[in-house]
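If you want the building blocks of each chain, they are given just below.
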Amino acid sequence: IKTLAKKGHRIVSFDLVSPDQLIHRYLEPWKDQIEYIQGDILNEEDLEKMTELRITKIVHAAVFTGILPTIESSKARSIVDINVLGTANLLELARKISIERFLYISSGAVYGIGRQSDEILHEESRINPNNLYSMTKYTSELLTKRYGELFNFDSVSVRLSGPYGPMEKITGHRVNQSVIKTWVGQALRGESIEIDDQSRRQEATYVMDIAEGVAAILDSPSLSYGVYNNASGEQSTLGEILRVLKNLCPGFEVKVVPFSEELDSMPKGRDNLTDITRLKEDVGFVPKFGLKEGIADYLEWHQTYNIRESTF
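Residues numbered from 1 in each chain as written. Predicted model: local features only at pLDDT ≥ 70, side-chain atom pairs only at ≥ 80, totals over all residues. Heavy atoms only, no water.

Participant: Mind laying out the nonpolar core, listing which residues take part and the relevant values?
Facilitator: Counting residues in hydrophobic clusters, the biggest one holds 50 residues, and the most contacted among them are I180, W183, L245 and I295. The element best represented in this core is helix α8 (residues 207-219), accounting for seven residues. Residues contacting I180, with those up to four places away along its chain left out, are Y164, A204, I241, L291, I295 and Y298. Residues F14, I41, Y147 and F153 belong to the second largest nonpolar core, which totals 21 residues. (Core = buried A, V, L, I, M, F, W, Y, C linked by side-chain atoms within 4.5 Å. Buried < 20%, exposed > 50% of the residue type's maximum accessible area, 1.4 Å probe, protein only. Helix = DSSP H or I, 4+ residues; strand = E, 2+ residues; numbered from the N terminus. Contact = heavy atoms within 4.5 Å.)

Participant: Can you break down helix α12 (residues 291-304) residue by residue, with the values?
Facilitator: Between its first and last C-alpha atoms α12 spans 20 Å; for 14 residues at 1.5 Å apiece the expected length is 20 Å, and the two agree. Of all the residues in α12, the buried ones are L291, G294, I295, Y298, L299, W301 and H302. All buried residues of α12 fall inside an arc of 155 degrees around its axis, so they share one side. Opposite its buried face, α12 presents the exposed residues K292 and Q303, each directed more than 90 degrees away. Taken together, the buried residues of α12 touch α2 (21-26), β6 (163-164), α7 (179-188), β9 (205-206), β11 (235-237) and α9 (238-248). Following α12 by one or two positions, N306 adopts a phi angle in the positive range, close to 50 degrees. (Expected span 1.5 Å × (residues − 1). Arc of directions from axis to C-beta.)

Participant: Explain the sheet that holds strand β4 (residues 101-107) residue by residue, including any values.
Facilitator: Reading across from one edge, β3-β4-β5-β10 is the order of the four strands in this open sheet, with parallel pairing throughout. Among the strands making up the open sheet, the edge pair consists of β3 (57-60) and β10 (227-230). Neighbour-to-neighbour, the strand axes of the sheet open up by a mean angle of 20 degrees, direction not taken into account. Taken together, the seven bridges between β4 and strand β5 (residues 154-160) define a ladder with parallel strand orientation. The residue bridging S107 from the neighbouring strand is L160, located in β5. Along the sheet, α8 contacts β3, β4, β5 and β10; its crossing angle with β4, the most-contacted strand, is approximately 150 degrees. (Pairing = 2+ DSSP bridges. Axes fitted to C-alpha atoms, helices over the stretch in contact; angles between N-to-C directions.)

Here it is as structure tokens:
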């Protein structure tokens, strides 16, 4: 919302919960460009409110990120309803109001896990979703594509990889958090960080770059493809992430500990690098934040907004 508002868009924010004080403070400079509507994408009466507004483009990012096995098994039907039926409801809205472009926020999770570590993931790489979250994300990509074809509006899916940064928090539909968010909180509190394998690699993409990439795709005069990867295009080991954080926020200790099931159960990124050639060449967007710049900006955001883990 912030990125689109800075580019001059007027925005309707449709969300399950009303904006809190942090959101209002974060978006204060652009408050006159933003209208907030509280509603549920599974409630057609809530969505009907949107038909009366002059909406020309939709960015669909509502999702149940039920990645953790305990959540997947206990909330399976909710994951499917929100992630598939919710997408269908928004596509129906797009059809009714003759939208110009519908952008679906998908995920690199559709590529699956357990791939060869040297494989680079392109948009045309084999899809291999392995849980309900990734399956429903890919299903929504297909629905988005077909609705665009049937009802003559631009439709595109954007696969994110390794997002971290401002406004990430635990919610009723997203319990798992990025490892950088967890570690930044521990570092700012002066707590020790335990790790059992510093060599594990993952992609980390700063959310400001993600937002800029999404905006570039949304506003592009024309698109050559129906799917775009949106990632940093770089990988780091967990040890490298910790060293960057240590240099920027030195008041914490890193403890290398033996393998434990608790640490092993933390959500992991894939070992594979994500190719972002389409994003660069077709849309003209190049990520601006490297790992150091992203973590530094994230730390500054915590300090500027006086973020406390108990409230965020």
